Amino acid sequence: MSDNHHHDHPTGIKRWLFTTNHKDIGTLYLWFSFIMLLIGGAFAMVIRAELMYPGMQIVDPNFFNMMTTMHGLVMVFGAIMPSTVGLANWCIPMMIGAPDMALPRMNNWSFWILPFAATMLVAPMFMGGHFMSGQGPAFGWTFYEPLSGQNDKLAFFVFAVHLLGISSIMGSINIIATILNMRAPGMTLMKMPMFVWTWLITAFLLIAVMPVLAGAVTMMLTDKYFGTSFFNAAGGGDPVLFQHVFWFFGHPEVYIMILPAFGIVSQIIPTFARKKLFGYASMVYATAAIAFLSFIVWAHHMFTVGMPVAGELYFTYATVMIAVPTAVKVFNWTATMWKGAMTFETPMLWAIAFVILFTIGGFTGLMLGVATSDFQYQDTYFVVAHFHYVLVTGALFAIIGAVYYWLPKWTGHMYDEKLSKLHFWMSTISVNVLFFPQHFLGLEGMPRRIPDYNPMFADWNFVSSIGGFVFGASQILFLFIVIKTIRGGAKATSQVWEGAEGLEWTVASPAPYHTFENPPAIK
Amino acid sequence: MAEQKYYLPQPSHWPLVGSVGLFTTTFGFAMALPSKSGDPIGSLAMMYIGMAILAYMLFGWFSTVIRESESGKYNAQVDMSFRMGMMWFIFSEVMFFAAFFGALFYARQLSVPWLAGADPGTNELLWKGFEKSWPLLSTPEMAVKPEAELTFAKAKDVIGAWGVPFYNTLILLTSGVTVTFAHWALKKQNRSALIFWLLATVVLGFLFVTLQAGEYGEAYKHLNLKLSSGIYGTTFFMLTGFHGLHVTIGATMLLIMLFRAIKGHFTPEHHFAFEAAAWYWHFVDVVWLGLFIFVYWL
Amino acid sequence: MSVTKTTKILRSLFAAALLCGPALAMAGLNMHRGVTVNSHDMYDLHMLVLWICVVAGIAVFGVIIYSLINHRKSKGVTPATFHESTTVEVIWTVIPFVILVSIAVPTTTSLLRYEDMSNTDIDIKATGWQWKWEYEYIGDKITDSNGVKFFSQLDKESNDARQLKSNVDVTKIDHYLLNVDNPLVVPVGKKVRILTTGKDVIHAWWVPELGVKRDAIPGFINESQFKVEQADWDKVQKDGEAIFRGQCAELCGKDHGFMPIVVKVVSEDKYKAWVSAQKSAAAASAVDSGKVWTKDELIKHGAEVYAKNCAACHQPGGEGMGPFPALKGSKIAKGPIAGHINIVVKGKPGTAMAPFGAMLNDADIAAVITYERNSWGNDMGDMAQPSQIKAAR
Ligand code: HEA
Ligand code: HEA
Ligand code: CUA
Ligand SMILES: [Cu+2]
């Protein structure tokens, strides 16, 4: 390998289009997911605006369903998943002392499929006369058959999911190969930072379930266009089969979104508590246990579907068991903070908020896992509250924390501490105003995915909408802070944080284009 | 010396070309599928252009990789990354098939018995007269609707296990052996044996596909067994169809390996591409065994 | 009702706290306890797990907050160095496990009770359509209600008010979006089995106070049961009837939010009277379908049928919307009448266009077709008679 690969990378637009550099690709992923967060968030703003008052004021019901659906899809597949892949790209090679990802060209491809997939996903929204009568997906992010089969532009959705799947699978293969094959000598598996561990397991989950999702949408495609009857009882199939296949993907999917967040928090807390992560080994085993359990609990999303009672019982037992390894994680974080010497820089604030608010979401998850009472909760705002606590104050909060944590390493500049604290407090207060009342709405009996409601739900919806708008505005502030940091700011040191440990903190800030041209020494 | 440790490829335009190809193909296809608006002819053209771009990308990308490989740029670590990549890719394929096998078992064990059964009245109230059987030749719809209004094709019979499917099993199992012989020959640096056994494998592979296509023709023409024959036809064609597609891909991969072997590529130490194709071939083989047992036989 | 031992113990533990539950429910913050054994079970379990979570939360968050306050660098502490302890880790793995087992026990008993479909008094088939419910009484041990069959959909007042930008003050409407034209009627104190199925897509039949939620899946029948206890009913009934409201709880397309369920639970006498009234109404409408109508009569009746059944999708002016085609100037509405009759009677599988033959009688269909062919500039001039519809079925 004599040619000096690292001295001649293209500049300008070509740098980004053709890059094989993990940092460039990480940056692309992160910006893509940020844009998707704004788009998905804008859809959420439409939802909250329509629901602010009872009565139909702004959009017609079909458009409302499209907003709900696209909001869920864009957030899950466009914002949360790619952002954690972006973090993996940036950080994993640095954390394990590798020069780059194992398969850099494929890495570029995993990213560059995404914008095309997103285009495919939103394209039908613009088909059909004017915007309001668009034919985009309006069948929920769970796209249950046979409702989804009624969509005239279903094929676009199916292929969008195929493309997203191809991207995720390639990205995960890359991450696994990197972690297993590119570690610097001496970096044994049990010495790896937690973030690397959680991603190793997440990547495994992704490779296991994305193909199943691809199978599910393929069946939808052939049912609609080629006469098969997977989900059609008249031909001997069953609409519920769709739900089984979907949730076999869908439940692990929610852990795909949360495990990297667990990893992030396990990096941040020790740094600012100035104390080693408590129970490293049990963290690893707990992560693995969660991943394993995630394959055998899927039907807790289908308690009302009319399963035999034995099935309902089994899925209840299995589901609530996930609380055990998750509890281990929560306790370990708590024990890490215990008797530490904590400081509260912005990343730490997000991490602490994560631990508390995610746990609240986990508690409601536990409540949902009990089949008998889930009959009352299912498909109400109680579920919406649950999953926003785990997704927004869980996954998203951890990701934002990660951005603050590593931003100095990426850009070489410190972010504006005052503004970022403002961002944190605004977000944390408003997000609770936004989602906490949704518990009440759900318990009172408000179904989800409805554009209008009885006035008895009016008060809490109003409160929730206000919280939503403030939370939305706070994220614009986030965008501003990030741009400001990229353009300038106090110079960051290599170590950045006093308590930071790990290889990524041994290299300069901003990290050089090729981090480790020679393998670093591991203690 | 330390420079030798890691290999990092140059920036490349192939991924982007690949994305454009994928997008053009699928977008064209999506537009071509029947819907209330759309332009099938123009869309199909778009799809074919996309496929051409994809072919161009595959050719270009693989040429680059082969060139780099033959010029000795790849060290053991790169080789290992490729191996892991291929293994996990095959794992993802396994999971893809698992979804369809899952659908098959679900239909056989749960949905058909429910539709025919005595549970809360599904049969009694909705599909009176429908009876459980497997292979399922008459659908629930046929029990309750007059012939003229059926949306599903009524199959006359199914394809038995012990005719062509059985021969195909033998063919694929044999091809698994021949590809192993080819591997041994490669390791022993016996190029003519390598070429011979590879050729044999490829021939067997395409023979399999041809026989399978003949069976499909038979099913459609004479048995009226179609994709639209209800859940039996659905699972039968989707499982065997995806498998057939994978055989075609695997055989094509082996064919390329054959050409490369003829051109003098591969050394006993360095032949990852060959091994990847061989792994893939074994995977296709194993899937077939599952199909033979659960789709044709039991 | 009988509560399991574990529940009892935990209940007395939280006795004081538990009193908050109903109070919260009254304030619109909590689940309602409802009027059936199902809903009581659900509520009790809900409160049990909720309080477990509250206690766990207080413990965990308490430690965190204590730590946040006391273990900060600004207080000059030096960080401890411990980072594992097998004993502690085993303990806090086992404790949650034990708690979970204690939840699993009452869950099991209540689930088995919920799924017990034996000894029902009335069987009712509830079919979800986009977007209305069809009820059919099929097995009644109290009166001979078999064959009573009707559709139940959002009442007109709510329906008018919920149109986009209708500018109606919805707070002035009684039970806005939770009212229907024909409620389901069942007697108190009897075990009712609901057999749910879907016509087009999946719906879910949910009435919170009755503690029933079950999906209505096309091509399959699901069962669930409830029995309103006399004692609970006495507390809420008025003039021999108590009304319970719910909504469709599975996304089923555009008007999923406008598909309420209303169940009127009445005394047995009232129930019997209602059944016989239903039967005579059905006989009367059969007569309608036999006669020959004039075009004006058809158009007039057709306009009503259209507004009630078709306007939701094809829009009041026939101009269609999004995935729902315009009928104004449509090829089918201006084409041969046989094609028009066919699509209305048989629907179009795989789309939202349902087979209205199963929902409307011959006269209704003839009328709506005649109306469509002679409105919004579709000046076809022809008409359909009920007899033609009958022949096309
Ligand atoms: C990041 C995503 C994420 C995460 C981590 C979780 C975590 C969990 N979820 Fe959630 N869930 C979703 C995302 C997620 N969920 C989404 C998106 C949906 C809706 C999908 C849709 O329909 O659109 C959903 C829906 C959903 C349902 C279906 C509800 C319904 O539709 O009726 C259920 C039911 O069981 C459930 C359960 C759980 C459980 C038991 C956990 C557990 O993992 C939680 C475990 C954590 C804790 C319990 C807290 C920590 C523990 C302690 C501090 C110890 C003390 C504990 C004890 C009291 C024992 N979830
Ligand atoms: C994965 C992550 C994720 C994230 C981050 C969010 C974030 C938000 N979600 Fe979420 N949501 C889902 C996943 C997520 N959601 C899923 C899976 C569903 C289920 C879908 C389904 O039922 O199929 C759902 C459904 C859902 C519903 C229920 C809809 C229904 O049932 O009909 C609601 C309602 O309030 C809601 C609100 C919000 C809000 C207000 C935010 C906010 O946090 C968003 C904040 C971000 C921004 C606002 C972006 C920045 C601002 C701008 C772009 C400018 C505009 C700003 C202003 C006008 C102030 N979401
Ligand atoms: Cu019917 Cu929702
Ligand atoms: Cu789940």
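The notes below deal with the structure included here. Quick caveat, the model's predicted, so the values are computed rather than measured.

## A short note on the site of ligand 1
Here is step 1 of the chain: Close to ligand 1 lie 32 residues; Trp141(A), Tyr255(A), Asp374(A), His386(A) and Arg448(A) are nearest.
Here is step 2 of the chain: Residue neighbours of ligand 1 fall on chains A and C, so the site bridges chains.
Here is step 3 of the chain: Within the side chain of Tyr255(A), one N or O atom sits 2.6 Å away from an oxygen atom of ligand 1.
Here is step 4 of the chain: Within the side chain of His386(A), one N or O atom sits 3.0 Å away from a nitrogen atom of ligand 1.
Here is step 5 of the chain: Looking at the shell around ligand 1, the elements with two or more residues in it are α7 (239-273), α10 (323-337), α11 (346-369) and α13 (381-411) of chain A.
Here is step 6 of the chain: Considering every element that reaches the shell around ligand 1, the biggest residue donor is α11(A), with 8 residues.
Here is step 7 of the chain: In the shell around ligand 1, the residues fall into 20 nonpolar, 10 polar and 2 charged.

## Quick notes on the packing of aromatic side chains
Any pair of aromatic rings gets described here by the distance separating the centres and the angle formed by the planes.
Here is step 1 of the chain: Tallied over the full model, the rule gives 104 aromatic pairs over all chains.
Here is step 2 of the chain: Ring centres 6.4 Å apart and planes at 35 degrees place the aromatic pair Phe292(B) and Tyr296(B) in the tilted group. Of this pair, Phe292(B) and Tyr296(B) both sit in helix α9 (residues 272-297), 4 residues apart, which is roughly one turn of the helix.
Here is step 3 of the chain: What makes Phe292(B) buried here is its relative accessible area of 6%.
Here is step 4 of the chain: Classification of Tyr296(B) as buried rests on a relative accessible area of 8%.
Here is step 5 of the chain: One Lys or Arg, Arg15(A), reaches over the ring of Trp16(A) and ends 4.4 Å from the middle of that ring.
Here is step 6 of the chain: Positioned over the ring face of Tyr225(A) is Lys224(A), at 5.7 Å from the centre of the ring.

## Let's talk about the interface of chain C and chain A
Interface size is commonly expressed as the accessible area that is lost once the parts come together.
Here is step 1 of the chain: If you look at the interface, chain C gives 93 residues, while chain A gives 97 residues.
Here is step 2 of the chain: Taken together, both faces of the contact between chain C and chain A bury some 8000 Å²; the carbon and sulfur share is 70%.
Here is step 3 of the chain: On the surface where chain C and chain A come into contact, there are 2 salt bridges.
Here is step 4 of the chain: In this structure, Lys73(C) engages Glu498(A) in a salt bridge whose closest nitrogen and oxygen atoms are separated by 3.0 Å.

## Here's the deal with the coordination of the copper ion (ligand 4)
All names here are of chain A.
Here is step 1 of the chain: Here the copper ion (ligand 4) is held by His251 (ND1), His300 (NE2) and His301 (NE2), and the distances to it run 1.8 to 2.1 Å.
Here is step 2 of the chain: We note that the donor set of the copper ion (ligand 4) lies within a single chain, spaced as H-x48-H-H.
Here is step 3 of the chain: The metal-metal distance between the copper ion (ligand 4) and the iron atom of ligand 1 is 4.5 Å. In this pair, His251 sits in helix α7 while His301 sits in the loop between α8 (280-294) and α9 (309-321), placing the two residues 50 residues apart along the sequence.
Here is step 4 of the chain: Classification of His301 as partly exposed rests on a relative accessible area of 24%.

## So, the side chain of Gln376(A)
Here is step 1 of the chain: Relative to the assigned elements, Gln376(A) resides in helix α12 (residues 371-377).
Here is step 2 of the chain: Of note is the side chain of Gln376(A), whose polar atom sits 3.0 Å from the side chain of Trp206(C).
Here is step 3 of the chain: For Gln376(A), the contacting residues outside a window of four places in its chain are Met31(C), Ser39(C), Met42(C), Trp206(C), Pro208(C), Gly211(C) and Lys213(C).

## As for the interface of chain C and chain B
Here is step 1 of the chain: Contacts between the two partners involve 11 residues from chain C and, on the opposite side, 12 residues from chain B.
Here is step 2 of the chain: For the pairing of chain C and chain B, the buried interface totals around 870 Å² over both sides, and the portion due to carbon and sulfur atoms is 70%.
Here is step 3 of the chain: In terms of surface lost to chain B, no three residues of chain C exceed Gly219(C), Phe220(C) and Ile221(C), which account for 54% of the buried area on that side.
Here is step 4 of the chain: The interface formed by chain C and chain B includes 2 residue pairs in polar contact (both at pLDDT 80 or more).
Here is step 5 of the chain: Of the residues that constitute the side of chain C that touches chain B, the class distribution is 5 nonpolar, 2 polar and 4 charged.

## Describing the site of ligand 2
Residue and element names in this part refer to chain A.
Here is step 1 of the chain: Taken together, 35 residues are adjacent to ligand 2, and Arg48, His71, Trp141, His388 and Arg449 come closest.
Here is step 2 of the chain: At 2.7 Å, a side-chain N or O of His71 approaches a nitrogen atom of ligand 2.
Here is step 3 of the chain: For ligand 2, an oxygen atom lies 3.1 Å from a polar atom in the side chain of Arg448.
Here is step 4 of the chain: Split by residue class, the shell around ligand 2 holds 23 nonpolar, 9 polar and 3 charged.

## Here we look at the side chain of Lys329(A)
Here is step 1 of the chain: Along the chain, Lys329(A) turns up in helix α10.
Here is step 2 of the chain: There is no salt bridge for the buried Lys329(A), and the closest opposite charge comes from Glu89(C), which lies 11 Å off by N-O distance.
Here is step 3 of the chain: Among the polar contacts listed, one links the side chain of Lys329(A) to the side chain of Thr287(A), at a separation of 3.0 Å.
Here is step 4 of the chain: Excluding residues within four positions of it along the chain, Lys329(A) makes contact with Met194(A), Phe262(A), Met283(A), Ala286(A), Thr287(A) and Ile290(A).

## What to know about the sheet that holds strand β7 (residues 212-216) of chain C
All names here are of chain C.
Here is step 1 of the chain: With respect to topology, 5 strands assemble into an open sheet ordered β4-β10-β9-β6-β7, the strand pairing being mixed. The open sheet has two edge strands with one neighbour each: β4 (184-187) and β7. Sheet twist, expressed as the average angle between the axes of neighbouring strands with direction ignored, equals 25 degrees.
Here is step 2 of the chain: Direction of pairing for strand β6 (residues 203-207) relative to strand β9 (residues 241-248): antiparallel, over a ladder of 2 bridges. Each bridged residue has a counterpart across the sheet, and for Trp206 the counterpart in β9 is Gln247.

## Examining the pairing of strand β10 (residues 260-266) of chain C
Residue and element names in this part refer to chain C.
Here is step 1 of the chain: Of all 7 residues in β10, 6 are buried, a share of seventy percent or more.
Here is step 2 of the chain: The pairing of β4 with β10 spans 4 bridges and is parallel. Each bridged residue has a counterpart across the sheet, and for Val186 the counterpart in β10 is Val265.
Here is step 3 of the chain: Here β9 runs beside β10; their pairing, made up of 7 bridges, is antiparallel. Within β10, the position partnered with Phe244 by the bridge is Val263.

## Regarding the coordination of the iron atom of ligand 2
Residues and elements named next belong to chain A.
Here is step 1 of the chain: Distances from the iron atom of ligand 2 to its protein donors, namely His71 (NE2) and His388 (NE2), fall within the range 2.0 Å.
Here is step 2 of the chain: The coordination sphere of the iron atom of ligand 2 comprises 6 donor atoms, whose angles at the metal cover 87 to 180 degrees; the geometry is octahedral. Placement of His71 in helix α3 (residues 61-96) and of His388 in helix α13 is noted, with a sequence separation of 317 residues between them. Neither residue differs from the other here; His71 and His388 are each classed as buried.

## A word on the packing of α11(A) against helix α14 (residues 417-444) of chain A
All names here are of chain A.
Here is step 1 of the chain: Remark: α11 packs on α14, axes separated minimally by 10 Å, with the N-to-C direction vectors making an angle of 10 degrees. Between α11 and α14, the angle is such that the two are roughly parallel. Here α11 contributes Thr346, Leu349, Trp350, Ala353, Leu357, Ile360 and Thr364 to the contact with α14, which in turn contributes Glu417, Ser420, Lys421, His423, Phe424, Trp425, Ser427, Thr428, Asn432, Phe436 and His439.
Here is step 2 of the chain: A per-class count over the contact of α11 with α14 returns 8 nonpolar, 8 polar and 2 charged.

## Thoughts on the sheet that holds strand β5 (residues 191-198) of chain C
Residue and element names in this part refer to chain C.
Here is step 1 of the chain: The 5 strands lie next to each other as β3-β2-β1-β5-β8, forming an open sheet whose pairing is mixed. With partners counted over all chains shown, the strands left at the sheet margins are β3 (149-152) and β8 (222-227), one partner each. Direction aside, the axes of adjacent strands within the sheet are offset by 25 degrees on average.

## What to know about the environment of Thr19(A)
Residue and element names in this part refer to chain A.
Here is step 1 of the chain: Locating Thr19 in the fold gives a position in the loop between α1 (12-18) and α2 (22-51).
Here is step 2 of the chain: Each C-alpha atom, one on Thr19 and one on Trp109, is 9.6 Å from the other, the two residues being 90 residues apart in sequence.
Here is step 3 of the chain: There is a polar contact of 3.2 Å between the side chain of Thr19 and the side chain of Asp24.

## Remarks on the pattern of salt bridges
Here is step 1 of the chain: Scanning the model with the defined rule gives 33 salt bridges over all chains in all.
Here is step 2 of the chain: In this structure, Arg15(A) engages Asp24(A) in a salt bridge whose closest nitrogen and oxygen atoms are separated by 2.6 Å.
Here is step 3 of the chain: Residue class for Arg15(A) comes out partly exposed when judged on its relative accessible area of 25%.
Here is step 4 of the chain: Classification of Asp24(A) by relative accessible area gives buried; the value is 2%.
Here is step 5 of the chain: The salt bridge partner of Glu312(A) is Arg214(C), with a shortest N-O separation of 3.3 Å. You can see Glu312(A) sitting in helix α9 and its partner Arg214(C) sitting in strand β7, one on each of two chains.
Here is step 6 of the chain: Its relative accessible area of 0% is what places Glu312(A) among the buried residues.
Here is step 7 of the chain: Counted as one network, the salt bridges with shared partners bring together Arg274(A), Glu498(A) and Lys73(C).

Each value, and the rule that gives it
Residues numbered from 1 in each chain as written. Chains lettered and ligands numbered in written order. Predicted model: local features only at pLDDT ≥ 70, side-chain atom pairs only at ≥ 80, totals over all residues. Heavy atoms only, no water. Near = heavy atom within 4 Å. Polar contact = N/O pair within 3.5 Å; in protein donor to acceptor, adjacent residues only side chain to side chain. Helix = DSSP H or I, 4+ residues; strand = E, 2+ residues; numbered from the N terminus. Nonpolar A, V, L, I, M, F, W, Y, C, P; charged D, E, K, R; others polar. Phe/Tyr/Trp six-rings, centres within 6.5 Å; stacked < 30°, edge-to-face > 60°. Buried < 20%, exposed > 50% of the residue type's maximum accessible area, 1.4 Å probe, protein only. Lys NZ or Arg CZ within 6 Å of the ring centre and 35° of its normal. Contact = heavy atoms within 4.5 Å. Buried area = accessible area lost by both parts, 1.4 Å probe. Salt bridge = Lys/Arg side-chain N within 4 Å of Asp/Glu carboxyl O. Donors = N, O, S within 2.8 Å, 3.2 Å for Na, K, Ca; no water. Lys, Arg positive; Asp, Glu negative; His and termini not counted. Pairing = 2+ DSSP bridges. Axes fitted to C-alpha atoms, helices over the stretch in contact; angles between N-to-C directions. Tetrahedral: all angles 85-135°; square planar, octahedral: opposite > 155°, others 65-115°. Parallel < 35°, antiparallel > 145°, perpendicular 65-115°, else oblique.

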